[in-house]
Amino acid sequence: MRCLTLAEALRERGANCIFICRNHPKNIYYLIKEKHFLLYLLEILPRIHQPSDNWLGVEQIEDAEQTLGVIKNLTAIPDWLIIDHYEIDIAWESKLREYVKKIMVISDLIDRKHNCDLLLSQNLVHIPEQFHSLVPKNCRILCGYETLLFRPQFVKVRQDYHQPTVPFQRVLVAFSGIDKFNLIKNILEHLAFLPVAYISEVTILLGLTTQSDMDVKKFAERLTQFPWRINVVNSVNNMANLIASHDIAISAAGFTAYELAFLNVPTVLLPVSSVQKEVANFLQSCALVEVLDVKFGIDQLLELWQKLEQKARLNLTRGTGLLRSIDGCGTDKVCEIMWRLAEKL
């Protein structure tokens, strides 16, 4: 989604953007087409020799060669090649280097080297110095809240101050990725037994890549003990409005956590990785956020729920520290930097 956000902003400045993706199941290809971008899909190959956790679906060099096949057939040399994939590193990028003018990498990890001209981290915990040994000396490194790739709709919605109802009534459960800990079902089961009868509505927000989304929908339908309405949605165009319409959220600590904090929605975060734990702890220090372990119990959830209600009553929903300074215009700032670097060619 962040690549799509960036592509739309670049197109508004006059750029011609195309996408090259592998044709994995349950991906967002239809969204790319709906936005009228040209899309090249690389075929899915048998994974006989591939480990199950290889998100590329093929060996890195093979993926690079197939991507290069597309680029060589373009009518012009790309000014920028933007890479956003956790399985790609310097080997892939070096193979493409001479066929594009500049390379940009979007990465939340600091565990591999890159051959790029611009590196953008969407992890607020990172600082540029952490990447110095991983990129060329002349690489521009962008970190921090000023370059978060928020969609324009979030900036617009944030202009209307969000004051949650206390006690909380509308609950958002948001897990857009792989729910390997079965958290959605666990959360629903725990919500059913919370002594909070004032809840009026629960929305389950599934990502386009959420595993077993049909199982979640069927599970929600079977929870007849719920005294409130349950909505299950996969994706909506007005995501910012949907998020802002809720009084509390329970979410993983991916980019959605930034969006929730930006819109001042009290949130219980359940980090599912070491990277997400860093992000969750950071947001807890500067936003209306509490952090819950994935192996939580009803007592722990209720305690954090009550903490957030107390903070909301004290009118702390705007957060503290760095979040006061976020204007949400990070996408425009990244585009401007890309444009200036391209002009130097």
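Our structure is the block above this text.
Nothing here was measured: the structure is a model prediction, and the numbers come from that model. (Residues numbered from 1 in each chain as written. Predicted model: local features only at pLDDT ≥ 70, side-chain atom pairs only at ≥ 80, totals over all residues. Heavy atoms only, no water.)

A few points about helix α11 (residues 298-313)
Move 1: Between the first and last C-alpha of α11 there are 23 Å, a value that for 16 residues agrees with the 22 Å anticipated at 1.5 Å per step.
Move 2: Restricting attention to buried positions, one finds in α11 the residues L301, L302, L304, W305, L308, E309 and A312. The buried side chains of α11 occupy one side of the element, clustering within an arc of 165° when seen end-on. In α11, the exposed residues that point more than 90 degrees away from the buried face are D299 and R313.
Move 3: Buried residues along α11 sit in contact with β7 (170-175), α6 (183-191), β10 (248-251), β11 (267-269) and β12 (289-291). (Helix = DSSP H or I, 4+ residues; strand = E, 2+ residues; numbered from the N terminus. Expected span 1.5 Å × (residues − 1). Buried < 20%, exposed > 50% of the residue type's maximum accessible area, 1.4 Å probe, protein only. Arc of directions from axis to C-beta. Contact = heavy atoms within 4.5 Å.)

Let's talk about the pattern of salt bridges
Move 1: All chains considered together, the criterion is met by 15 salt bridges.
Move 2: Here R2 and D108 are joined by a salt bridge, their closest N and O atoms 3.1 Å apart. Taken as a pair, R2 in helix α1 (residues 2-12) and D108 in the loop between β4 (102-106) and β5 (118-120) lie far apart in primary sequence, 106 residues in all. Of the two residues examined, R2 and D108, each falls in the buried class.
Move 3: Of the charged contacts, one joins R13 and E336 as a salt bridge, the two residues approaching to 3.1 Å between their closest N and O atoms. Remark: E336 occurs in helix α12 (residues 330-343) and R13 occurs in the loop between α1 and β1 (18-22); sequence separation between them is 323 residues.
Move 4: Each of the salt bridges in this network shares a partner with another, and the network as a whole consists of R2, D84 and D108. (Salt bridge = Lys/Arg side-chain N within 4 Å of Asp/Glu carboxyl O.)

Thoughts on the sheet that holds strand β8 (residues 201-206)
Move 1: Across the sheet, which stays open at both edges, the six strands sit in the order β9-β8-β7-β10-β11-β12 with parallel pairing between neighbours. The open sheet terminates on both sides in strands that have one partner only, identified here as β9 (229-233) and β12. Going across the sheet, the axis of each strand differs from the next one's by a mean of 20°, ignoring polarity.
Move 2: In terms of strand pairing, β10 meets β11 through three bridges, oriented parallel. In the sheet register, S251 faces β11, and the bridge partner there is L269.
Move 3: Against the sheet, helix α9 (residues 255-262) contacts β7, β10 and β11, and its axis sits at roughly 165° relative to β10.
Move 4: Contacts from helix α10 (residues 274-286) reach β11 and β12 within the one sheet, and its direction differs from that of β12 by about 140°. (Pairing = 2+ DSSP bridges. Axes fitted to C-alpha atoms, helices over the stretch in contact; angles between N-to-C directions.)

Considering the sheet that holds β5
Move 1: With parallel pairing, four strands are arranged side by side in an open sheet as β3-β4-β5-β6. Pairing within the sheet leaves two strands with one partner each, and these edge strands are β3 (80-83) and β6 (140-142). Each neighbouring strand pair of the sheet contributes to a mean axis angle of 15°, computed without reference to strand direction.
Move 2: In terms of strand pairing, β3 meets β4 through four bridges, oriented parallel. The partner of W80 across the bridge, within β4, is K102.

Quick look at unusual backbone geometry
Move 1: The omega torsion of the bond from V166 to P167 falls at 0°, within 30 degrees of zero and hence cis.
Move 2: Following the sequence through the fold, P167 ends up in the loop between α5 (152-158) and β7.
Move 3: Residues other than glycine seldom take positive phi values, yet H36 does so here, at roughly 65°.
Move 4: Even without being glycine, N264 reaches a positive phi, approximately 65°.
Move 5: Its location among the elements puts N264 in the loop between α9 and β11.
Move 6: N264 gets classed as buried once you look at its relative accessible area, which sits at 3%.

Details of α6
Move 1: Considered for burial, the residues of α6 that qualify are L183, I184, I187, L188, H190 and L191. Angularly, the buried residues of α6 cover 165° about the axis, an arc narrow enough to put them on a single face.

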